[in-house]
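# Coordinates in review
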Amino acid sequence: MNISLTNFTALVCGSTSGIGRACAYVLAEQGATIVLLARNEERLQSTRDDLPAQFGQEHRYLRADFSVPEEVGSVVRNALQDIGPVHVLVNNTGGPAGGPVTGAAVEEFERAFRSHVICNQTLVQLLLPGMEAESYGRIVNITSTSVRQPIPLLGVSNTTRAAVAAWSKTLSREVAHSGITVNCILPGATRTGRLASLIESRAAARNTSVDEEEKAWMSQIPAGRFAEPEEIAYAVAFLASPAAAYITGVNLPVDGGRIESL
């Protein structure tokens, strides 16, 4: 089975922490040359310097803020001449703040839609010509299990993630003939800064302890534990590889069995 990514270039978004950083590291381990894309230059430099390069890769980074899709597009467009064709795109950025959908301001939906759907579309339109020319493309979108089973008190996130999934499925059918696959990874509860923040917020809202909220959340997971970011990244690496050429348009949960539906 060929899961090597040697001689491929991967653009990984939101890649200085959590799942994004783990994806960059695991893809580099498989031989990919990584282009990091995030907003904090100091963390970008640190992450780049930590990436494996046993295959002689020269990793690089680009700085842009996903709340400004125009900036993301401009930065990537200007860099493409030096980067060359990008074979793997990992769309990943931080989720919106928690809270019930009834209390969410319209502006929250607009910000989330721009950071996720609009940035994803912007990047795909820039990278698609190179993928088509190479007859190889892997677009992997990090969404959420809420695509299949909405999560309480994540109203804006539930809505936006579902939009990304619909966009992804539509795109997958349009580009499959060019050797390009488009899939979504649906992470379950994963030990990241975002999960810690959500648990702390719920503890404060319910006047409970963080430990109590963590145990309550974990009790819904048949595997009995939270995922590590690397476990999400392993699934991304497989979908990015030549071995996954016939898998497209899917929403793959990596959630320890939490989703109750088929």
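Below you will find a few notes about this structure. (Residues numbered from 1 in each chain as written. Predicted model: local features only at pLDDT ≥ 70, side-chain atom pairs only at ≥ 80, totals over all residues. Heavy atoms only, no water.)

A few words now on the nonpolar core. Counting 34 residues, the largest nonpolar core has V12, L27, I34, V90 and I185 as the members making the most contacts within it. Of all elements in the fold, only β1 (9-13), α1 (18-29), β2 (33-38), β4 (88-91), β5 (137-142) and α8 (229-240) reach the threshold of two or more residues within this core. Once residues lying within four places of it in the same chain are set aside, the contact partners of L27 are L5, A10, V12, A32, I34, V90, A237 and A240. (Core = buried A, V, L, I, M, F, W, Y, C linked by side-chain atoms within 4.5 Å. Buried < 20%, exposed > 50% of the residue type's maximum accessible area, 1.4 Å probe, protein only. Helix = DSSP H or I, 4+ residues; strand = E, 2+ residues; numbered from the N terminus. Contact = heavy atoms within 4.5 Å.)

A few words now on the pairing of β2. On a regular strand, one side chain projects to one face of the sheet and the next to the other, so that they alternate. Counting buried positions over the 6 residues of β2 gives 5, a clear majority of the element. Relative to β2, β1 runs parallel, the two being bridged by 5 bridges. Paired with A10 across the bridge in β2 is I34. Considered for its hand, the β-α-β crossover made up of β1, α1 and β2 is right-handed. (Pairing = 2+ DSSP bridges. Right-handed = clockwise from strand over helix to strand, strands pointing away.)

Going through the model one piece at a time under the given rule, you end up with 1 aromatic pair. Above the plane of the ring of Y136 lies R138, whose end atom (NZ or CZ) is 4.0 Å from the centre. (Phe/Tyr/Trp six-rings, centres within 6.5 Å; stacked < 30°, edge-to-face > 60°. Lys NZ or Arg CZ within 6 Å of the ring centre and 35° of its normal.)

We now examine the pattern of salt bridges. Going through the model one piece at a time under the given rule, you end up with 7 salt bridges. Between R21 and D50 there is a salt bridge, with the nearest N and O atoms lying 2.9 Å from each other. In this pair, R21 sits in helix α1 while D50 sits in helix α2 (residues 41-50), placing the two residues 29 residues apart along the sequence. A salt bridge links E71 to R63; its shortest N-O distance comes to 3.5 Å. Residue classification places E71 among the partly exposed positions, given a relative accessible area of 26%. Taking relative accessible area as the criterion, R63 reaches 33% and is therefore assigned partly exposed. (Salt bridge = Lys/Arg side-chain N within 4 Å of Asp/Glu carboxyl O.)

The terminal C-alpha atoms of α8 lie 17 Å apart, and with 12 residues this matches the ideal 16 Å at 1.5 Å per residue to within 8%. Residues P229, I232, A233, A235, V236, A237, L239 and A240 constitute the buried set of α8. For α8, the elements touching its buried residues are α1, β4, β5, β6 (180-187) and β7 (251-254). (Expected span 1.5 Å × (residues − 1).)

At their nearest, the axes of helix α4 (residues 106-134) and helix α5 (residues 155-175) sit 9 Å apart, and the two run at 20 degrees to each other. Here α4 lies roughly parallel to α5, going by the angle between them. Note on packing geometry: the crossing formed by α4 with α5 is right-handed. Of α5, the residues touching α4 (which contributes E108, F109, A112, F113, H116, V117, N120, Q121, V124 and L128) are G155, V156, T159, T160, R161, A163, V164, W167, L171 and V175. (Axes fitted to C-alpha atoms, helices over the stretch in contact; angles between N-to-C directions. Parallel < 35°, antiparallel > 145°, perpendicular 65-115°, else oblique. Left-handed = near helix turned anticlockwise from the far one by under 90°.)

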